[in-house]
Amino acid sequence: MEHKPTASQNRILSDLAAGRVLLWCAKHRYFGPDRTNHGAPTLNCAGCWKVYYFSQLKDVPPDQIAERIAELESVVRHVVEAIADGSWDFKPYDHPKIVVEPGNA
Ligand SMILES: [Zn+2]
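The structure displayed is predicted, hence computed values, not measured ones. (Residues numbered from 1 in each chain as written. Predicted model: local features only at pLDDT ≥ 70, side-chain atom pairs only at ≥ 80, totals over all residues.)

1. Description of the overall build of the protein chain
Here is step 1: On a plain count of helices and strands, the protein chain comes out with three helices and zero strands.
Here is step 2: The N-to-C order of helical and strand elements in the protein chain reads α-α-α.
Here is step 3: Out of the 105 residues belonging to the protein chain, those deemed buried represent 10%.
Here is step 4: Once local pairs closer than 6 in sequence are excluded, the contacts in the protein chain between residues at least 24 apart make up 44%. (Helix = DSSP H or I, 4+ residues; strand = E, 2+ residues; numbered from the N terminus. Buried ≥ 20, exposed ≤ 12 C-beta atoms within 10 Å, placed from the backbone. Contact = placed C-beta atoms within 7 Å.)

Structure follows, in structure tokens:
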């Protein structure tokens, strides 16, 4: 399934890439992977991970965003499969919060 960013997500990505806005998790003061002096995203915090993924996508050309999202989905799917078959000893939270929002592009 292909997920294209919504119009508002595209606007956020464009503003982030141009440096017109700064996105951060106010709860944990996480500013994204480009700003390493501000630490790592807090596990199980939707705000931190939203900052992380928007930061990952802000420099991707618009015509390649859907492909990059598909790659990120593939990584997450392989991680889940590795955990399920026991080939990776990562310990997930007992009650993860996972939200999938389909795009409306
Ligand atoms: Zn956070």
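2. A word on helix α3 (residues 65-84)
Here is step 1: Look at α3: 29 Å from first C-alpha to last across 20 residues, which is about the 28 Å you get at 1.5 Å a residue.
Here is step 2: Of all the 20 residues making up α3, one are buried; the element is thus mostly uncovered.
Here is step 3: Looking one or two residues beyond α3, the residue adopting positive phi is Gly86, at roughly 80°. (Expected span 1.5 Å × (residues − 1).)

3. Observations regarding the confidence of the model for the protein chain
Interpreting fine coordinate detail is not advised for predicted regions of low pLDDT.
Here is step 1: On average, residues of the protein chain score 82 in pLDDT, and 86% of them reach the 70 mark or higher.
Here is step 2: The least confident element of the protein chain, judged by mean pLDDT, is helix α1 (residues 7-18) at 85; the most confident is helix α2 (residues 46-57) at 88. (pLDDT = per-residue confidence, 0-100.)

4. Remarks on α1
Here is step 1: For α1, built from twelve residues, the straight-helix expectation of 16 Å at 1.5 Å per residue is met to within 8% by its first-to-last C-alpha distance of 17 Å.
Here is step 2: Positive backbone phi, approximately 75°, marks Gly19, located one or two places after α1.

5. Focus on the environment of Ala66
Here is step 1: Tracing the chain through its elements places Ala66 in helix α3.
Here is step 2: Separated by 62 residues in sequence, Ala66 and Lys4 have C-alpha atoms that sit 5.1 Å apart.

6. Looking at the environment of Ala82
Here is step 1: Tracing the backbone through its elements, the reader meets Ala82 in helix α3.
Here is step 2: We classify Ala82 as partly exposed; it has 13 C-beta atoms within 10 Å.
Here is step 3: Once you skip the residues sitting within four places of it in the chain, Ala82 turns out to touch Ser87 and Trp88.

7. Details of unusual backbone geometry
Here is step 1: Even without glycine at this site, Arg29 takes up a positive phi of about 55°.
Here is step 2: Assignment of secondary structure puts Arg29 in the loop between α1 and α2.

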